[in-house]
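# Examining the three-dimensional arrangement
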Amino acid sequence: MKTFVYIDHFKGEVQPASWEALGLAKNFGGSSSLTTTAIVFGSDVDAIVKDAFNYGADEVLVADDSALLDFRAETYAATLTALVLRQAQDTASSLSPSLILFPTTTRTRELSAMSAVDLNCGVVTDATAVEVNGDSVMVTRPIYEAKLFEKVTCSSALQFITLRGRAFPKPEKGSGKSGTITKVDTKTDALTTVEGYSVAEVGVSLNDAGIIVSGGRGVSNNPSLQPPAGLDDKQSEIWRAQQGFKLVGELASTLGGAIGASRAAVDAGYIPYSNQVGQTGKVVAPDVYIACGISGAIQHLAGIRSAKMVIAINKDADAPIFKVARYGVVGDLFVILPALNEAFKKKLGK
Ligand SMILES: Cc1cc2nc3c(=O)[nH]c(=O)nc-3n(C[C@H](O)[C@H](O)[C@H](O)COP(=O)(O)OP(=O)(O)OC[C@H]3O[C@@H](n4cnc5c(N)ncnc54)[C@H](O)[C@@H]3O)c2cc1C
């Protein structure tokens, strides 16, 4: 099965799940002898092309054009559609793909959907498993807030599948590898222009984090902390929550992880929405998720069902979060977090 892998990046920073997709394509059917083709779009993308070879691509199709500096669905989808049509016409090399894998990101959801409409092909998003059997592909993906996993097949000759980040192993990065680079045409017509970006998220991204330390409403619950004079009740609550999130952030920093939050913490104004985990926040899949002062409401759990290990710190031994936690500490997070942080710092020599 001829498989292409779309390498998604923002300003040259590749979404790690792109490499996971490349690793999957490389080993389809347990065979590492298949030719794996990566697709790279952007401007000045030589470094990405180099990395694609080092992560296992045998050939790379590149659209390198200043018109592709910023992601816009119109230009990227038109370029992808043209690439696929071109490959299909190229009977001499029989390069026409039957499958294009993407990492699941906001950009690739838009890109794959738009191009799939142009090409009249099927698109299945957010796969957590892909089984290839001859010409048929069975995709497993979570539905209903990950309470069920559905198995989907697609009948079109070409299909697009986006893969959930961290659901597939990342291949080892080699060095100095090379292969065939083929330039493809860029479609530059677009009605929109990106005028600039503002940073909404700093530190380690929740989507890619191996470790997430998350805080809930409990981070504001330390009555012994005395807020500065002059703050009203709401301001005092937020000040206390900031002290709690400082402890959450310190542990995250020691462990090289990201900071998450419950919706209660976000709604109360303790932390921005970009940190929210759950049904109406981000769905994450870290190796370790440390929930601090989070009760474990069903909507929060919907965001952490793919976490490999949950550790809970909560004052209430009956909190539902303990039902999904591999390890639980019943206690005050204001006592436990500094102690954990110290212990990890010592252990990690920090
Ligand atoms: C449609 C819908 C969508 C939703 N989407 C989301 C979502 O995406 N994400 C999400 O998180 N929620 C979501 N919610 C809200 C969800 O139902 C809960 O209200 C929310 O998750 C509760 O957050 P929490 O656990 O931080 O707060 P609480 O439920 O109030 O829990 C606080 C916990 O902190 C503990 N605690 C208090 N003080 C301390 C201390 N000092 N040390 C240790 N533990 C302490 C308490 O024992 C308690 O268990 C959604 C709700 C709806 C209706």
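## A look at helix H9 (residues 333–348)
Helix length check: H9 (16 residues) gives 21 Å between terminal C-alpha atoms against 22 Å at 1.5 Å per residue, within 8%. When H9 is considered as a whole, its buried residues turn out to be Leu333, Phe334, Ile336, Leu337 and Asn341. Buried residues of H9, seen end-on, are gathered within an arc of 160° and therefore sit on one face of the element. In H9, the exposed positions that point more than 90 degrees away from the buried face belong to Val335, Lys346 and Lys347. In this structure, the buried side of H9 is in contact with helix H5 (233–255), strand E15 (288–292), strand E16 (309–314) and strand E17 (327–330).

## Some thoughts on unusual backbone geometry
Positive phi, normally seen in glycine, also occurs at Lys11, with a value near 50°. Examined against the element boundaries, Lys11 turns out to sit in the loop between strand E2 (9–10) and strand E3 (13–14). Located in the positive-phi region is Asp126, a residue other than glycine, with phi close to 65°. Counting through the fold element by element, Asp126 comes out in strand E7 (residues 122–127).

## Structural notes on the sheet that holds strand E9 (residues 136–143)
Across the sheet, three strands lie side by side as E8-E9-E10; this open sheet has antiparallel pairing. Two strands in the sheet have a free side with no partner beyond their single neighbour: strand E8 (129–133) and strand E10 (148–152). With direction set aside, neighbouring strand axes in the sheet form an average angle of 20°. Bridge count between E9 and E10: five bridges; the pairing is antiparallel. Bridging from a neighbouring strand, Arg141 pairs with Glu150 of E10.

## Digging into the nonpolar core
Ile7, Val60, Leu101, Val130, Ile161 and Leu163 are the most contacted members of the largest nonpolar core, which totals 31 residues. When contributions to this core are tallied by element, the ones reaching two or more residues are helix H1 (16–26), strand E4 (37–42), helix H2 (46–54), strand E5 (59–64), strand E6 (99–103), E7, E9 and strand E11 (159–163). Residue contributions to this core peak at five residues, all from H1. The residues contacting Leu163, other than those within four sequence positions of it, are Ala21, Leu24, Leu101, Phe102, Pro103, Thr104, Ala127, Val130 and Phe168. Counting 25 residues, the second-largest nonpolar core is a separate cluster that includes Phe245, Val248, Leu255 and Phe334.

## As for the environment of Tyr144
Mapped onto the elements, Tyr144 comes out in the loop between E9 and E10. Spatially, the C-alpha atoms of Tyr144 and Ala339 are 38 Å apart, while their sequence positions differ by 195 residues.

## Points about the sheet that holds E5
Strand order across the open sheet formed by seven strands is E7-E11-E6-E1-E4-E5-E12, with parallel pairing between neighbours. Since the sheet does not close on itself, it has two edges, and those belong to E7 and strand E12 (180–183), each with one partner. On average, each strand axis in the sheet is inclined to that of its neighbour by 25°, with strand direction left out of account. Here E6 runs beside E11; their pairing, made up of five bridges, is parallel.

## Structural notes on the site of the ligand
With respect to spatial proximity, 25 residues lie near the ligand, and among them Arg217, Ser262, Thr280, Ser295 and Asn314 are the closest. A distance of 3.0 Å is found between a nitrogen atom of the ligand and a side-chain nitrogen or oxygen belonging to Asp332. Relative to its unbound accessible surface of 990 Å², the ligand loses 77% to contact with the protein. Listing elements by their share of the shell around the ligand, those giving two or more residues are helix H6 (263–267) and helix H7 (298–301). Considering only residue class, the shell around the ligand consists of five nonpolar, 15 polar and five charged.

## What to know about the pattern of salt bridges
Scanning the entire structure with this criterion turns up twelve salt bridges. In this structure, Asp8 engages Arg107 in a salt bridge whose closest nitrogen and oxygen atoms are separated by 3.0 Å. Of this pair, Asp8 sits in the loop between strand E1 (3–6) and E2 while Arg107 is found in helix H4 (residues 106–119), placing the two residues 99 residues apart along the sequence. Here Asp8 matches Arg107 in class, with each residue buried. Measuring nitrogen to oxygen at the nearest pair gives 3.4 Å for the salt bridge that ties Lys308 to Asp287. Of this pair, Lys308 sits in the loop between H7 and E16 while Asp287 sits in the loop between H6 and E15, placing them 21 residues apart in sequence. Several salt bridges share partner residues, and in doing so they unite Arg166, Asp287 and Lys308 into one network.

## Quick notes on the pairing of E1
The side chains of a regular strand alternate, residue by residue, between the two faces of the sheet. Burial along E1 is two-sided: the residues Thr3 and Val5 and Phe4 and Tyr6 are all buried. Looking at chain direction, E1 and E4 are connected through three bridges and run parallel. Considered in E4, the bridge of Tyr6 is made with Ile39.

## Re the packing of aromatic side chains
Across all of its chains, the model carries seven aromatic pairs by this definition. Within the aromatic cluster, the residues linked to one another by ring pairs are Tyr6, Phe41, Phe71, Tyr76, Phe102 and Phe160.

About the cut-offs
Residues numbered from 1 in each chain as written. Predicted model: local features only at pLDDT ≥ 70, side-chain atom pairs only at ≥ 80, totals over all residues. Heavy atoms only, no water. Helix = DSSP H or I, 4+ residues; strand = E, 2+ residues; numbered from the N terminus. Expected span 1.5 Å × (residues − 1). Buried < 20%, exposed > 50% of the residue type's maximum accessible area, 1.4 Å probe, protein only. Arc of directions from axis to C-beta. Contact = heavy atoms within 4.5 Å. Pairing = 2+ DSSP bridges. Axes fitted to C-alpha atoms, helices over the stretch in contact; angles between N-to-C directions. Core = buried A, V, L, I, M, F, W, Y, C linked by side-chain atoms within 4.5 Å. Near = heavy atom within 4 Å. Polar contact = N/O pair within 3.5 Å; in protein donor to acceptor, adjacent residues only side chain to side chain. Areas by Shrake-Rupley, 256 points an atom, 1.4 Å probe, with all protein chains shown as cover. Nonpolar A, V, L, I, M, F, W, Y, C, P; charged D, E, K, R; others polar. Salt bridge = Lys/Arg side-chain N within 4 Å of Asp/Glu carboxyl O. Phe/Tyr/Trp six-rings, centres within 6.5 Å; stacked < 30°, edge-to-face > 60°.

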